[in-house]
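The primary structure of each chain is shown beneath.
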Amino acid sequence: RTLERAAEYAAACRAAGEEAGCPVLDLFAGISKEADWQGCLSDGLHLSARGNRVLYDGLTALVQERLGGIAPTALPIHWPHNSDIPADAPAPFLLSPG
């Protein structure tokens, strides 16, 4: 795993998205903009909490840009919040919408 190889992979992903006419979030570019980009990875490969924040912010911006400003907070909630689901009996909450 090298930074150069990751850049090549990111470029191939962007090209595939363009060819398919599909929006692409360039997470490599987003993380690369971070002053301490290594802090976005927990083990050199998987995203840390900060890396997940970069991903979330990028996806949110992409969705808002492509879908006319839809914000995650404006979407309907069909399921209970996970803090409202009892850990010892979750099935009734998960088998059918609210």
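Residues numbered from 1 in each chain as written. Predicted model: local features only at pLDDT ≥ 70, side-chain atom pairs only at ≥ 80, totals over all residues. Heavy atoms only, no water.

Asks: I keep staring at the overall build of the protein chain and nothing clicks. Help me out?
Replies: Within the protein chain, the regular secondary structure consists of 4 helices and 0 strands. Scaling as 2.2 N^0.38, a compact globule of 98 residues should have a C-alpha radius of gyration of about 13 Å, whereas the protein chain reaches 18 Å, well beyond that. With the principal axes as the frame, the protein chain shows a C-alpha extent of 50 × 35 × 20 Å. Among the 98 residues that make up the protein chain, the fraction classed as buried is 13%. Counting only contacts in the protein chain whose residues sit at least 6 apart along the sequence, the fraction spanning at least 24 positions is 23%. Element-wise, carbon and sulfur atoms account for 60% of the exposed surface of the protein chain, whose accessible area totals about 7,500 Å². (Helix = DSSP H or I, 4+ residues; strand = E, 2+ residues; numbered from the N terminus. Rg over C-alpha atoms; globule rule 2.2 N^0.38 Å. Buried < 20%, exposed > 50% of the residue type's maximum accessible area, 1.4 Å probe, protein only. Contact = heavy atoms within 4.5 Å. Areas by Shrake-Rupley, 256 points an atom, 1.4 Å probe, with all protein chains shown as cover.)

Asks: What should I look at first to understand helix α3 (residues 49–66) in this one?
Replies: Given 3.6 residues to a turn, an α-helix orients residues that are three or four positions apart in the same direction. With 18 residues, α3 ought to run about 26 Å at 1.5 Å a step, and its terminal C-alpha atoms sit 25 Å apart, in line with that. Those residues of α3 that fall on the buried side of the exposure criterion are G51, V54, G58, T60 and L62. On its buried face, α3 sits against α2 (27–32). Phi turns positive, to about 70°, at G68, one or two residues after α3. (Expected span 1.5 Å × (residues − 1).)

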